[in-house]
Amino acid sequence: GENVEQHPSTLSVQEGDSAVIKCTYSDSASNYFPWYKQELGKRPQLIIDIRSNVGEKKDQRIAVTLNKTAKHFSLHITETQPEDSAVYFCAAGRGSTLGRLYFGRGTQLTVWP
Amino acid sequence: GAVVSQHPSWVICKSGTSVKIECRSLDFQATTMFWYRQFPKQSLMLMATSNEGSKATYEQGVEKDKFLINHASLTLSTLTVTSAHPEDSSFYICSASRTSGSIMGTDTQYFGPGTRLTVL
């Protein structure tokens, strides 16, 4: 099955700095890579996703890059704000298995004001 | 749009009893629903995939007789934890898959708020 590794497990940055979270996956057939943000006690919220037919996607301060050859993808948050503090999960999946997603272990991001 | 609800939000039960958790897609018809388990400060572990009108597909290591899944309609899936024991205490969270129209085949998943189960 799919194995998703995520690093780092914790990340602390100063407000205004950039944050980068990296993930690798094992199944070369995976073609969908979403990122979720989970605040304490709340549900995971989809913040951005990328499919294997593109290498980069950007939405305001958030961007995701994908390297299919190396089987890794990254989340980039620029101009971080304290409200960006949360746990971020990456995931990988493929349509041929009914859309199942396999999650990384999560990154606790703390943005200090 | 794409709102998923879960009921109850938390439940406390005695060891040996069964607990049913409901997952509903409120404003869309979900082609597929998924059940996850999340331990404190850990990742979401996929337990099973639920499709309306067919048997659920369980991940390796998940006991299908322990965690009964019924997908009665395109908007409702239920997870029943049978003969619950303290080790079953966890945060159970469902997600519903909504067709995004992508030709790549994998639909976007929207998560419910989760159910905190505590077995005494």
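Keep in mind it's a predicted model, so treat the numbers as computed, not measured.

## Quick word on the state of the cysteines
Residue and element names in this part refer to chain B.
- Per the counting criterion, the structure on display carries two disulfides over all chains.
- There is a disulfide in this structure between Cys-23 and Cys-94, and the S-S distance comes to 2.0 Å. Given an S-S torsion of about 80°, the disulfide between Cys-23 and Cys-94 has right-handed geometry. With Cys-23 in strand β3 (residues 19-25) and Cys-94 in strand β9 (residues 90-98), this residue pair connects regions lying 71 residues apart in the sequence.
- What makes Cys-23 buried here is its relative accessible area of 0%.
- We classify Cys-94 as buried; its relative accessible area is 0%.
- Summary of cysteine pairing: Cys-13 is not part of a disulfide, and the nearest cysteine sulfur, belonging to Cys-94, is at 18 Å.
- When its relative accessible area of 9% is taken as the criterion, Cys-13 is described as buried.

## Some thoughts on the sheet that holds β3 of chain B
Residue and element names in this part refer to chain B.
- The strand order across the open sheet built from four strands is β1-β3-β8-β7, with neighbouring strands paired in antiparallel fashion. Two strands bound the open sheet, and with one partner strand each, they are β1 (4-7) and β7 (67-73). Across the sheet, the mean angle separating the axes of adjacent strands is 15° when strand polarity is ignored.
- In this structure, β7 lies alongside strand β8 (residues 76-81), joined through five bridges in antiparallel fashion. When the bridges of β8 are listed, Phe-67 appears paired with Val-81.

## Considering the confidence of the model for chain A
- When pLDDT is averaged across chain A, the result is 92; 96% of the residues are at 70 or more.
- By mean pLDDT, the top-scoring element of chain A is strand β3 (residues 19-25) of chain A (98), and the lowest-scoring one is strand β10 (residues 101-103) of chain A (91).

## A word on the nonpolar core
- Ranked by size, the top nonpolar core spans 24 residues in total, and within it Trp-35, Leu-79, Tyr-92 and Leu-117 of chain B carry the most contacts.
- Every element with two or more residues in this core is listed here: β2 (10-13), β3, β4 (32-38), β5 (44-51), β7, β8, β9 and β11 (115-119) of chain B.
- Judged by nonpolar contacts, the second largest core, of 23 residues, contains Val-13, Cys-23, Phe-33 and Val-111 of chain A.

## Some words on the environment of Ile-50 of chain A
All names here are of chain A.
- Mapped onto the secondary structure, Ile-50 falls in strand β5 (residues 45-51).
- Residues Ile-50 and Pro-34 lie 16 residues apart in sequence; the distance between their C-alpha atoms is 6.2 Å.
- The contacts of Ile-50, once residues within four sequence positions are left out, are Asn-31, Tyr-32, Phe-33, Gly-55, Glu-56, Lys-57, Val-64 and Leu-66.

## A short note on the interface of chain A and chain B
- Listed by partner, the interface residues are 23 residues for chain A and 26 residues for chain B.
- With both chains or domains summed, chain A and chain B bury close to 2,000 Å², and 55% of this area falls on carbon and sulfur atoms.
- The interface formed by chain A and chain B contains one salt bridge.
- Across the pair Arg-100 of chain A and Glu-59 of chain B runs a salt bridge, and its minimum N-O distance is 2.7 Å.
- Along the contact surface separating chain A from chain B lie seven residue pairs in polar contact (both at pLDDT 80 or more).
- If you list the elements that add at least two residues to the side of chain A that touches chain B, you get β4 (32-38), β5, β9 (86-93) and β10 of chain A.
- Across the side of chain A that touches chain B, the residue classes tally to nine nonpolar, eight polar and six charged.

So, how was this worked out
Residues numbered from 1 in each chain as written. Chains lettered and ligands numbered in written order. Predicted model: local features only at pLDDT ≥ 70, side-chain atom pairs only at ≥ 80, totals over all residues. Heavy atoms only, no water. Disulfide = S-S within 2.5 Å. Helix = DSSP H or I, 4+ residues; strand = E, 2+ residues; numbered from the N terminus. Buried < 20%, exposed > 50% of the residue type's maximum accessible area, 1.4 Å probe, protein only. Pairing = 2+ DSSP bridges. Axes fitted to C-alpha atoms, helices over the stretch in contact; angles between N-to-C directions. pLDDT = per-residue confidence, 0-100. Core = buried A, V, L, I, M, F, W, Y, C linked by side-chain atoms within 4.5 Å. Contact = heavy atoms within 4.5 Å. Buried area = accessible area lost by both parts, 1.4 Å probe. Salt bridge = Lys/Arg side-chain N within 4 Å of Asp/Glu carboxyl O. Polar contact = N/O pair within 3.5 Å; in protein donor to acceptor, adjacent residues only side chain to side chain. Nonpolar A, V, L, I, M, F, W, Y, C, P; charged D, E, K, R; others polar.

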